[in-house]
Amino acid sequence: MAVIIRKNIKFGDQDILSKVFEPSGVLSKEDRLRAERLDNLLGSRIPEIADEVLKEVPDKVDIVRRWHTFGKKVRLIVEDQNLVLQSDIDNMLIWQAIWQYLPQTMMPERTNIEKPYSDKQHKRQDHLSLCYELSNFSWNEASWIRRWAFVHEITARPSLLRDKRIFLTLGDCISNQPAYPTIDVFREIMKNLVKGFPTKKYRDSTVLSDDEIYSRVSKAVNNAISP
């Protein structure tokens, strides 16, 4: 129900870095203690995770695998219901709590460290939540993604992630192409997939057979590559 975020609070003519419980409001003693335990764990574990990831995936070229690995490790913390509640995930405060302990060596390129992470949590720019969503798949299932921009495109369409078969079939269809799609082609594939799985009509795509899933996904990919 709460996390601790460090913020610069103005006292007189000075800005002092202070611990703030978020979201604001009255907290029970239990919630405050849980937030303290989480903060202590993040303070020690997030720098360790960053070091582990950089050692396991040192090559910046393999950036998708690096962030997938990070997401897998962070997922172990986020899914500990003794420390993190679903509301902490839904209001995205958990990612602010994690970001404040992320070493600069692990931060995405061109990150403006002076800008609060809360300012980045708009228009699918919440990098850590994207890592978390991607880590819902094993690396074998997600390894077809070679560009981080593709992660943005996929996660911007949650309906395509609700049924794992769509994601896996998309990976198979793209892997079988003679050339890897450009970002523009991939965006066309995404648009075609949204048409193939309209939210209102196929909100629950699990009612569709595997053959129907394959037919719709392959059509979306082929029409984008060979319009």
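Look up: the structure comes first, before these words.
Residues numbered from 1 in each chain as written. Predicted model: local features only at pLDDT ≥ 70, side-chain atom pairs only at ≥ 80, totals over all residues. Heavy atoms only, no water.

(A) View of the packing of aromatic side chains. Evaluation of the coordinates by the stated rule reveals eight aromatic pairs. Ring centres of tryptophan 95 and tyrosine 132 lie 5.2 Å apart, and the angle between their planes is 50°; this geometry places the pair in the tilted category. Taken together, the residues span a long stretch of sequence, with tryptophan 95 in helix H4 (residues 93-99) and tyrosine 132 in helix H5 (residues 127-134) at a distance of 37 residues. For the pair tryptophan 95 and tyrosine 132, one class covers both residues: buried. On the basis of an interplanar angle of 25° and a centroid distance of 4.6 Å, the ring pair of tryptophan 99 and tyrosine 117 is categorised as stacked. (Phe/Tyr/Trp six-rings, centres within 6.5 Å; stacked < 30°, edge-to-face > 60°. Helix = DSSP H or I, 4+ residues; strand = E, 2+ residues; numbered from the N terminus. Buried < 20%, exposed > 50% of the residue type's maximum accessible area, 1.4 Å probe, protein only.)

(B) Main features of the nonpolar core. If you look at the biggest cluster of nonpolar residues, it comprises 61 residues, and the most contacted ones within it are Phe70, Trp95, Ile98 and Leu170. Among the nonpolar cores identified, the runner-up in size contains five residues, and Ala2, Ile4, Leu27 and Ala35 belong to it. (Core = buried A, V, L, I, M, F, W, Y, C linked by side-chain atoms within 4.5 Å.)

(C) View of the packing of H5 against helix H7 (residues 148-155). At a minimum axis distance of 11 Å, the contact between H5 and H7 shows a crossing angle of 80°. Classed by the angle they form, the pair H5 and H7 counts as roughly perpendicular. Residues His127, Leu130, Cys131, Glu133 and Leu134 of H5 lie in contact with H7, whose contacting residues are Trp148, Val151, His152 and Thr155. A per-class count over the contact of H5 with H7 returns five nonpolar, three polar and one charged. (Axes fitted to C-alpha atoms, helices over the stretch in contact; angles between N-to-C directions. Parallel < 35°, antiparallel > 145°, perpendicular 65-115°, else oblique. Contact = heavy atoms within 4.5 Å. Nonpolar A, V, L, I, M, F, W, Y, C, P; charged D, E, K, R; others polar.)

(D) Summary view of helix H1 (residues 29-56). For H1, which comprises 28 residues, the first-to-last C-alpha distance of 39 Å matches the rise-based estimate of 40 Å (1.5 Å per residue) to within 8%. Among all positions in H1, only Asp31, Arg34, Ala35, Leu38, Asp39, Leu42, Ile46, Ile49, Ala50 and Val53 are buried. Buried positions along H1 lie against strand E1 (3-11), strand E2 (14-22), helix H2 (63-78), helix H3 (86-90) and H4. (Expected span 1.5 Å × (residues − 1).)

(E) Broad picture of the pattern of salt bridges. Throughout the structure, instances matching the rule amount to 17 salt bridges. Salt-bridge contacts for glutamate 36 lead to lysine 19; the nearest nitrogen and oxygen are separated by 3.3 Å. Note that glutamate 36 is positioned in helix H1 and lysine 19 in strand E2, a separation of 17 residues in sequence. By relative accessible area, which is 44% here, lysine 19 ends up partly exposed. The partner of arginine 45 in a salt bridge is glutamate 52, with the nearest N and O atoms 2.9 Å apart. By relative accessible area, glutamate 52 is classed as partly exposed at 25%. Here the salt bridges share partners, and the residues they tie into one network are Arg45, Glu48, Glu52, Glu56 and Lys73. (Salt bridge = Lys/Arg side-chain N within 4 Å of Asp/Glu carboxyl O.)

(F) Molecular detail of the pairing of E1. Summarising the sheet, E1 and E2 pair through nine bridges and their orientation is antiparallel. Residue pairing across strands places lysine 10 opposite aspartate 15, the latter belonging to E2. In this antiparallel pair of consecutive strands, E1 and E2, the connection spans two residues, and glycine 12 shows a positive phi of 65°. (Pairing = 2+ DSSP bridges.)

(G) Just helix H9 (residues 164-175), in detail. For H9, spanning twelve residues, the distance from its first C-alpha to its last is 17 Å, which sits close to the expected 16 Å at 1.5 Å a residue. In this structure, the buried side of H9 is in contact with helix H6 (139-142), H7, helix H8 (159-162), helix H10 (183-196) and helix H11 (210-225).

(H) Focus on the packing of H9 against H11. At a minimum axis separation of 9 Å, H9 and H11 run at an interaxial angle of 50°. It follows that H9 is oblique to H11 by the angle criterion. Considering how the two elements wind past one another, H9 and H11 form a crossing that is right-handed. Between H9 and H11, the contacting residues are Arg165, Ile166, Thr169, Leu170 and Cys173 on the first element and Asp210, Ile213, Tyr214, Val217, Ser218 and Val221 on the second. Along the lines of polarity and charge, the residues of the contact of H9 with H11 split into seven nonpolar, two polar and two charged. (Left-handed = near helix turned anticlockwise from the far one by under 90°.)

(I) Summary view of unusual backbone geometry. Here glutamate 22 and proline 23 are connected by a cis peptide whose omega angle stands at -5°. With respect to the helices and strands, the residue proline 23 is situated in the loop between E2 and H1. Even without being a glycine, methionine 92 presents a positive backbone phi close to 65°. As for its position among the elements, methionine 92 is in the loop between H3 and H4.

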